[in-house]
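Spelled out, the chains give:
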Amino acid sequence: MTYCKKCGGSVSPEEQYCRTCGNRVAQPKPYSDQKTSNRSKLVAGLLGVLIGSWGIHNFYLGNIGKGILQIFLTSVTFGIAGIWGFIEGILILCDRITVDGKGQPLV
Ligand SMILES: [Zn+2]
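Residues numbered from 1 in each chain as written. Predicted model: local features only at pLDDT ≥ 70, side-chain atom pairs only at ≥ 80, totals over all residues. Heavy atoms only, no water.

Things to note about the pattern of salt bridges
Tallying each qualifying case throughout the model produces 4 salt bridges. Of the charged contacts in the structure, one is a salt bridge between glutamate 88 and lysine 66, with a shortest N-O distance of 2.7 Å. Note that glutamate 88 is positioned in helix α4 (residues 82-93) and lysine 66 in helix α3 (residues 64-76), a separation of 22 residues in sequence. Residue lysine 66 is classed as partly exposed on the basis of its relative accessible area, which comes to 33%. (Salt bridge = Lys/Arg side-chain N within 4 Å of Asp/Glu carboxyl O. Helix = DSSP H or I, 4+ residues; strand = E, 2+ residues; numbered from the N terminus. Buried < 20%, exposed > 50% of the residue type's maximum accessible area, 1.4 Å probe, protein only.)

A few points about the domain arrangement of the protein chain
Split by domain assignment, the protein chain resolves into domain 1 (1-30) and domain 2 (41-93). One C-alpha centre belongs to domain 1, the other to domain 2, and the line joining them spans 51 Å. (Domains from an automatic or database assignment.)

Some words on the coordination of the zinc ion
Protein-derived coordination of the zinc ion comes from Cys4 (SG), Cys7 (SG), Cys18 (SG) and Cys21 (SG), at a distance range of 2.3 Å. Each of the 4 donor atoms bound to the zinc ion contributes to angles spanning 104 to 118°, and the resulting shape is tetrahedral. Mapped onto the sequence, the residues coordinating the zinc ion show the spacing C-x2-C-x10-C-x2-C. Of this pair, cysteine 4 sits in the loop between β1 (2-3) and β2 (10-11) while cysteine 21 is found in the loop between β2 and α1 (41-51), placing the two residues 17 residues apart along the sequence. Judged by relative accessible area, cysteine 4 falls into the buried class, the value being 4%. (Donors = N, O, S within 2.8 Å, 3.2 Å for Na, K, Ca; no water. Tetrahedral: all angles 85-135°; square planar, octahedral: opposite > 155°, others 65-115°.)

Here we look at the packing of α3 against α4
Here α3 crosses α4 at 140°, and the two axes come no closer than 8 Å. Accordingly, the angle class assigned to the pair α3 and α4 is oblique. Of the residues in α4, those in contact with Lys66, Leu69, Gln70, Leu73 and Thr74 of α3 are Gly82, Trp84, Gly85 and Glu88. When grouped by side-chain class, the residues that make up the contact of α3 with α4 number 3 nonpolar, 4 polar and 2 charged. (Axes fitted to C-alpha atoms, helices over the stretch in contact; angles between N-to-C directions. Parallel < 35°, antiparallel > 145°, perpendicular 65-115°, else oblique. Contact = heavy atoms within 4.5 Å. Nonpolar A, V, L, I, M, F, W, Y, C, P; charged D, E, K, R; others polar.)

Examining unusual backbone geometry
A positive phi is found at phenylalanine 78, a non-glycine position, where the angle reads about 55°. Its location among the elements puts phenylalanine 78 in the loop between α3 and α4. On the basis of relative accessibility, which here comes to 79%, the residue phenylalanine 78 falls in the exposed class. Here aspartate 95, not a glycine, exhibits a phi torsion of approximately 65°, which is positive. Within the secondary structure, aspartate 95 is located in the segment after α4.

A few points about α4
Counted at 1.5 Å a residue, the expected span for α4 with its 12 residues is 16 Å, and the 17 Å between its end C-alpha atoms agrees. If you follow the buried residues of α4, they end up packed against α1, α2 (56-61) and α3. Immediately beyond the C-terminal end of α4, within one or two residues, lies aspartate 95, with a positive phi of roughly 65°. (Expected span 1.5 Å × (residues − 1).)

Set out below in structure tokens:
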């Protein structure tokens, strides 16, 4: 139960306006379903730039399948495909990739 700031009347949580005086009652912010990732953008980006050819940043972000694919491609192309991980590292650092493998925003 919240209370109207104007008249002091009680307002039930699902109501936005005071029934007594019509004053708009500030609602507490609803908890967002979207949790922030506990993974760091900086760490992920640096992993991508430094050793991204081995998909380490994708393992860090929880993109396991992508990480394995990068290891595989880097192996079969003798490192040429490693540029992919490097570019992803840059994209993470430049805010072009902003979520982890679960779609949660990086911190
Ligand atoms: Zn009121």
